[in-house]
Amino acid sequence: MKLRSLLFIVGMCCFFGASNLYSQYYDATEIRDDCQDPAHHLVIEGCKLYDEILTAFNSADAKKYAAVNHYPHVRIAGESVKVWHTQDEYMIDTPNEKLQNLASSEKYTGWVKSRWEWRKLIQYTDQKMHWVVGFSRLDDQDNVIATMETFHVITKEDGRWGLKARSSYAGVSMGAAY
């Protein structure tokens, strides 16, 4: 199992090393948001999960935010890899206080909420989907502070879709679960 986990992490890192180069050569505004007019049943289910993720995050409710994940949950941020084995472990790293005090972030001063800019399904089966998403961090006047891209793996476990793994450079300096 450890070898399988290591191979997964190495694969994700290789994918994102290549995709970071790719992102220098395209305009993200040209990417369609698959959630704007979803037709395929899996896109509809994935978009529903993304609505739940953003609602939970913006509500600053750590329990709701932790509940949208499947565990173990993996986050690759910059060069660091974090694995939370349980929802309780995740909530230790993402307490309500941290979510409620986003505006005091050193790197993203004034950040109070986030929004999806686009979500693109790139691979799927009936049990797993790979998405690339773009999101923005906003201040209290809805001005964009930063826009970032993230790779997500969402899985269907026990009849429920949840976020299983993600990789980005968002929040790297904060050392947080978001």
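Here the structure is a predicted model, which means the values were calculated and not measured. (Residues numbered from 1 in each chain as written. Predicted model: local features only at pLDDT ≥ 70, side-chain atom pairs only at ≥ 80, totals over all residues. Heavy atoms only, no water.)

Quick look at the nonpolar core now. Counting residues in each nonpolar core, the largest one holds 29 residues, and the members touching the most others are Tyr50, Ile53, Trp116, Met129, Trp131 and Ile154. Taken together, the elements giving at least two residues each to this core come down to α2 (41-58), α3 (62-67), β3 (113-124), β4 (128-138), β5 (144-157) and β6 (160-168). It is α2 that provides the largest number of residues to this core, a total of nine residues. (Core = buried A, V, L, I, M, F, W, Y, C linked by side-chain atoms within 4.5 Å. Buried < 20%, exposed > 50% of the residue type's maximum accessible area, 1.4 Å probe, protein only. Helix = DSSP H or I, 4+ residues; strand = E, 2+ residues; numbered from the N terminus.)

What follows covers the sheet that holds strand β1 (residues 69-77). Taken together, six strands build an open sheet; the order of strands is β2-β1-β6-β5-β4-β3 and the sheet is mixed. With partners counted over all chains shown, the strands left at the sheet margins are β2 (80-84) and β3, one partner each. Put simply, the sheet's adjacent strands are angled 25° from each other on average, direction ignored. As judged from the eleven bridges shared by β4 and β5, these two strands associate in the antiparallel manner. Looking at β5, one finds that histidine 130 is bridged to valine 153. (Pairing = 2+ DSSP bridges. Axes fitted to C-alpha atoms, helices over the stretch in contact; angles between N-to-C directions.)

Summed over all chains, the structure comprises one disulfide. The side chain of cysteine 35 participates in a disulfide bridge whose partner is cysteine 47; the two sulfur atoms lie 1.9 Å from each other. The disulfide joining cysteine 35 to cysteine 47 has a torsion of about -90° about its S-S bond and is therefore left-handed. Of this pair, cysteine 35 sits in the loop between α1 (2-23) and α2 while cysteine 47 sits in helix α2, and the two are twelve residues apart along the sequence. For the residue pair cysteine 35 and cysteine 47, the accessibility class agrees, reading buried in each case. (Disulfide = S-S within 2.5 Å.)

What follows is about the packing of aromatic side chains. According to the stated counting rule, one finds eight aromatic pairs in the structure shown. Measuring from ring centre to ring centre gives 5.1 Å for tyrosine 50 and tryptophan 116, while their planes differ by 80°; the resulting arrangement is edge-to-face. Separated by 66 residues along the polypeptide, tyrosine 50 in helix α2 and tryptophan 116 in strand β3 bring together distant segments of the chain. A relative accessible area of 0% places tyrosine 50 in the buried class. For the ring pair tyrosine 71 and tyrosine 90, a centre distance of 6.1 Å and an interplane angle of 65° mean the geometry is edge-to-face. In this pair, tyrosine 71 is assigned in strand β1 and tyrosine 90 in helix α4 (residues 87-93), connecting sequence segments 19 residues apart. One exposure class covers both tyrosine 71 and tyrosine 90, and it is buried. The structure contains a cluster of three or more aromatic residues connected by ring pairs, namely Phe57, Tyr65, Tyr71, Trp84, Tyr90 and Trp111. Taking NZ or CZ as reference, arginine 137 lies 3.9 Å from the ring centre of tryptophan 111, over its face. (Phe/Tyr/Trp six-rings, centres within 6.5 Å; stacked < 30°, edge-to-face > 60°. Lys NZ or Arg CZ within 6 Å of the ring centre and 35° of its normal.)

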